[in-house]
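Next come the chains, spelled out residue by residue.
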Amino acid sequence: MRVVVADDSTLLREGIVRLLEETGIEVVGQAGDAEELMRKVRAHKPDVAVVDVRMPPTHTDEGLRAAREIRAELPEVSVLVLSQYVEVAYARELLAESAEGLGYLLKDRVADVEALTDAVRRVGSGGSALDPEVVSQMLGRRRRDDPLEELTPREREVLGLMAEGRTNAAIAAELVVSERAVEKHVTGIFAKLELPASGDGHRRVLAVLRFLEDPA
Amino acid sequence: MSGLRRALIGLAGLALLIGVAVAALILDSNHASPRGLLLGLILGAGWSFAFTGLYAWDRRPGNNIGPLMTAIGFTWFFQGLQAADDSILFAIGTVGGTVPFAILLQLLAGFPSGHLQTLLARGAVGLAYLVTVPLQFVWALFVDPTVQRDCDGCPKNPILIDGYEGVSNAINAFQVLGGIVAIAIVIGIVIANWRRSSETERRVLTPVVFTGSLAFTILLVQLIIGELGVSNTVKELTYIASITVFACLPFAFLVGLLRSRIGRAEEVSSALTIENEQLTAELQAKVEELRASRHRIVEAGYAERRRVERNLHDGAQQRLMALTMNLRLARDKLAEDPTATAELLDEAMEELATATAELRELARGIHPVLLSERGLRAALGGLADRSPVPVEIIETPEERLPDAVEMAAYFVVAEALTNVARYAEAEGATVRVARHNGVVEVEVSDDGAGGADLDAGTGLRGLEDRVAALEGSFGVRSSAGQGTTVEARIPCA
């Protein structure tokens, strides 16, 4: 898997590069700002661009804008956005149309090699990766007449992992249960929340996220 | 020239003519004496009352004083008619000669407003008119001037019924008694008014009270000694004295009236002074309020720094210290106990993750990045997401607002929602931010226990200062069991 890494902090960028390379991911280019990122992405056509949200010149949301640009211009390049803060609003923006080949992770996750590489691989293979904190914010949001109260604790766990963009197999591995059991839970969740049944993959993520955003 | 002024000038001309005619009567009279003195006093008092009265009427058209003084001037000339050799004119002079004294009493009792304020004053003035008009007429029916007034040159009384002295004396006694009572009451009223008055009012009253009281006192003396049968010389002297003082009276009224104009100007100026003082006091209060609020804002800044310092010290700093120790231990055990080293490193990573999370939350509290990058709608959504109480965002402006306004609105909502979560025991809260007519209205309502107090905590007070700094207003509505509504109105052109 070929990756471009963009972060204006050299220290962090080199750290990320080293972690990725250690797990066998090939880093084909590095960038310190959005402009350089676009150049490198166009030149190398990597599988994934790992992008920091805040970069020069304004240090606000260059990464998000670059992510959208890359997805529009080079749909075959996936993007994993890293952010110092994760906000539901940013996740919503990023995943507005599609969750395919997109990820949004808290920057802290780079300390957890497995979480980072897992997200890179998932996104790189057309899946999605949403930070558990964003998901827990969505799940934790209190609502009147909360339909989530219908769910069992295990179903809530499965719902959260689905929202993060995990496959049934990954969920099964995470919860140490059989894939059959996960499938049963997923069916139960979709029935209880009255969501249209949908197959594995990014459509399922979008359905879950839309529901969490606006359960009405 | 106004109609009133033309009429007043006409009256002045008439007064002049009447005066000249009366003067001619006196000079031509075969019984008036001493002729020169009488002429001077009749004309002096008559004209001065008429002219000063007309002047006062012109200057203060709304006040009765001018018309009353003018009436005194005109009726005063009746006295001059008593010098007439013609019996009709003589009779008119006899009947009308006392009228000006009643008008004068009314004037004195009603000075300076021109209105009789009390029942007592109205009674006294009424009595004076009774004595000087109807009783005087009745009296005239029984007076034969050639007999009773030792006036050989006087013409015959054309309305004489009976010259019997007993009748005219009885009526006269009643008149004198009534006159004394009326005069005494009015002098009493005038003095009482004067005593009650302020310094400014006394400036108006004093000349009138002094001259008026003097004139009527002399008149009283005259009436009393008239009954005592003193010599004609004494009678004539008191008559002259009283007429002289009466002739001075209109000037006293004029001075008083003009002073009352000045007094009014002083009143206006003192009202302005009072208003000025009120404004100054309000301004002073505003300055105090601003000073206090500025002080609180500075204090809040320091308090915030202390909070950040304490959080850093208790949180991230402590964790990093622990991390350093763990790493040192791990390094020491590396060779002899790899398992323990791995555990220590795991612990270290956990500490690090927590420290990072704490730093992130601290940074978010200092400056909400979402707000500055995505605006109120997104930032309030973030607040709602993190609130442990269900929050419904009813309305937020579509467009971006000025930074300071967004910040203030955001912190109002943030603090209000924090309070809802902490104290309100609410089932839910609603947030509404709307921009109408150049004002951004922020409203956070909950359905909780209520009883919040702006003065109780520093949080709400801090919000009030934040909003006041933008010239906005801030309020809390909260009664027990009725929930709490926090409202802010921030100008935003």
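Predicted model only: the values in this text are computed from it and were never measured. (Residues numbered from 1 in each chain as written. Chains lettered and ligands numbered in written order. Predicted model: local features only at pLDDT ≥ 70, side-chain atom pairs only at ≥ 80, totals over all residues. Heavy atoms only, no water.)

> Explain the interface of chain A and chain B here, please?
When the parts of a complex come together, some accessible area is lost, and that lost area is often used as the size of the interface. Contacts between chain A and chain B engage 21 residues on the former and 23 residues on the latter. Its largest share of buried area at the contact with chain B, chain A owes to Tyr85, Arg142 and Arg144 of chain A, together 34% of the area lost on that side. At the junction of chain A with chain B, the criterion picks out six salt bridges. Between Asp61 of chain A and Arg374 of chain B there is a salt bridge, with its nearest N and O atoms 2.5 Å apart. Of all elements in the fold, only α4 (88-94) and α6 (132-140) of chain A reach the threshold of two or more residues within the side of chain A that touches chain B. Counting residues per element, the side of chain A that touches chain B draws most heavily on α4 of chain A, which supplies four residues. The class makeup of the residues in the side of chain A that touches chain B is seven nonpolar, four polar and ten charged. (Contact = heavy atoms within 4.5 Å. Buried area = accessible area lost by both parts, 1.4 Å probe. Salt bridge = Lys/Arg side-chain N within 4 Å of Asp/Glu carboxyl O. Helix = DSSP H or I, 4+ residues; strand = E, 2+ residues; numbered from the N terminus. Nonpolar A, V, L, I, M, F, W, Y, C, P; charged D, E, K, R; others polar.)

> Teacher, can you tell me more about the pairing of strand β2 (residues 429-436) of chain B here?
Walk down a regular strand and you will see the side chains alternate between the two sheet faces. Residues and elements named next belong to chain B. The sheet contact formed by strand β1 (residues 391-395) and β2 spans four bridges and is parallel. Each bridged residue has a counterpart across the sheet, and for Val391 the counterpart in β2 is Ala429. In this view, the connection linking β1 to its parallel neighbour β2 by way of helix α15 (residues 403-424) has left-handed handedness. Summarising the sheet, β2 and strand β3 (residues 439-446) pair through eight bridges and their orientation is antiparallel. Across the sheet, Ala429 pairs through a bridge with Asp446, a residue of β3. (Pairing = 2+ DSSP bridges. Right-handed = clockwise from strand over helix to strand, strands pointing away.)

> Explanation requested: the pattern of salt bridges in the structure shown.
Here the idea is simple: oppositely charged side chains can pair when their charged atoms come close. Scanning the model with the defined rule gives 36 salt bridges over all chains in all. Two residues, Glu69 of chain A and Arg42 of chain A, come together in a salt bridge whose shortest N-O distance is 3.8 Å. Here Glu69 of chain A, found in helix α3 (residues 62-73), pairs with Arg42 of chain A, found in helix α2 (residues 34-44); they are 27 residues apart in sequence, far enough to count as distant. Glu69 of chain A gets classed as partly exposed once you look at its relative accessible area, which sits at 39%. The closest approach of N and O atoms between Asp131 of chain A and Arg109 of chain A, which form a salt bridge, is 2.8 Å. With Asp131 of chain A in the loop between β6 (128-130) and α6 and Arg109 of chain A in the loop between β5 (102-106) and α5 (113-124), the pair connects residues that are 22 residues apart, well separated along the chain. Residue classification places Arg109 of chain A among the partly exposed residues on the basis of a relative accessible area of 24%. Members of the salt-bridge network, linked through shared partners, are Asp61, Arg65, Arg68 and Glu93 of chain A together with Arg374 of chain B. (Buried < 20%, exposed > 50% of the residue type's maximum accessible area, 1.4 Å probe, protein only.)

> I keep staring at the sheet that holds β3 of chain B and nothing clicks. Help me out?
What links the strands of a sheet is backbone hydrogen bonding, and the strands pair in either a parallel or an antiparallel sense. All names here are of chain B. Strands sit in the order β1-β2-β3-β5-β4 across an open sheet of five strands; the sheet is mixed. Of all the strands in the sheet, the pair left with one neighbour each is β1 and β4 (473-478). Taking each pair of neighbouring strands and ignoring which way they run, the sheet shows an average axis angle of 15 degrees. Bridge count between β4 and strand β5 (residues 484-491): six bridges; the pairing is antiparallel. If you follow Ser473 over to β5, its bridge partner there is Arg489. Packed onto the sheet, helix α14 (residues 376-386) meets β1 and β2 and runs at close to 160 degrees relative to β1. Relative to the sheet, α15 contacts β1, β2, β3, β4 and β5, its axis offset from that of β3 by approximately 10 degrees. (Axes fitted to C-alpha atoms, helices over the stretch in contact; angles between N-to-C directions.)

> Looking at this structure, I do not really get the side chain of Glu441 of chain B. What am I missing?
All names here are of chain B. Secondary-structure assignment places Glu441 in strand β3. Side-chain polar atoms of Glu441 contact the side chain of Arg489, separated by 2.9 Å. Here Glu441 is in contact with Arg432, Val433, Ala434, His436, Ala488 and Arg489, once residues within four sequence places are set aside. (Polar contact = N/O pair within 3.5 Å; in protein donor to acceptor, adjacent residues only side chain to side chain.)

> Help me out: how do you make sense of the nonpolar core in this one?
Note that soluble globular proteins tend to have their nonpolar side chains buried in a common cluster. Counting residues in hydrophobic clusters, the biggest one holds 62 residues, and the most contacted among them are Leu37, Tyr104, Leu159, Met162 and Leu212 of chain A. Counting residues per element, this core draws most heavily on helix α10 (residues 202-213) of chain A, which supplies six residues. If we skip the residues at most four places from it in the chain, Leu37 of chain A touches Val4, Ala6, Ala31, Ala49, Val51, Ala66 and Ile70 of chain A. Core analysis: the second largest hydrophobic core is formed by 54 residues, Trp76, Ile189, Val204 and Val209 of chain B among them. (Core = buried A, V, L, I, M, F, W, Y, C linked by side-chain atoms within 4.5 Å.)

> Sorry if this is basic, but what is going on with a nonpolar patch on the surface here?
The grouping of Leu16, Val20 and Phe51 of chain B at the surface amounts to a nonpolar patch, some 250 Å² of accessible area in total. Among the residues examined, Phe51 of chain B registers a relative accessible area of 32% and is labelled partly exposed. (Patch = residues over 30% accessible without salt bridge, like charges linked within 9 Å, V, L, I, M, F, W, Y side chains within 5 Å. Areas by Shrake-Rupley, 256 points an atom, 1.4 Å probe, with all protein chains shown as cover.)

> Sorry if this is basic, but what is going on with empty space enclosed by the protein here?
A water-sized probe rolled over the atoms picks out the places where empty space is left. All names here are of chain B. Per the counting criterion, the structure on display carries three cavities of 30 Å³ or more. What the largest cavity holds in volume is close to 60 Å³. For the lining of the largest cavity, the leading source of residues is helix α4 (residues 87-96), giving four residues. Here the lining of the largest cavity is composed, by residue class, of seven nonpolar, two polar and one charged. (1 Å grid on protein atoms, 1.4 Å probe; cavity = no way out; pocket = protein on both sides within 12 Å on 5 of 7 lines; lining within 4 Å. Points joined across faces, edges and corners; volume = space filled by probe spheres on them.)

> Would you take a moment to explain unusual backbone geometry for this structure?
Glycine aside, a negative phi is what most residues show, and trans is what most peptide bonds show. Residue and element names in this part refer to chain A. Between Pro56 and the following residue, Pro57, the backbone shows a cis peptide bond with an omega angle of 5 degrees. Residue Val176 is not a glycine yet carries a positive backbone phi of 55 degrees. Assignment of secondary structure puts Val176 in the loop between α8 (168-175) and α9 (179-192). The exposure class of Val176 is exposed, given its relative accessible area of 71%.

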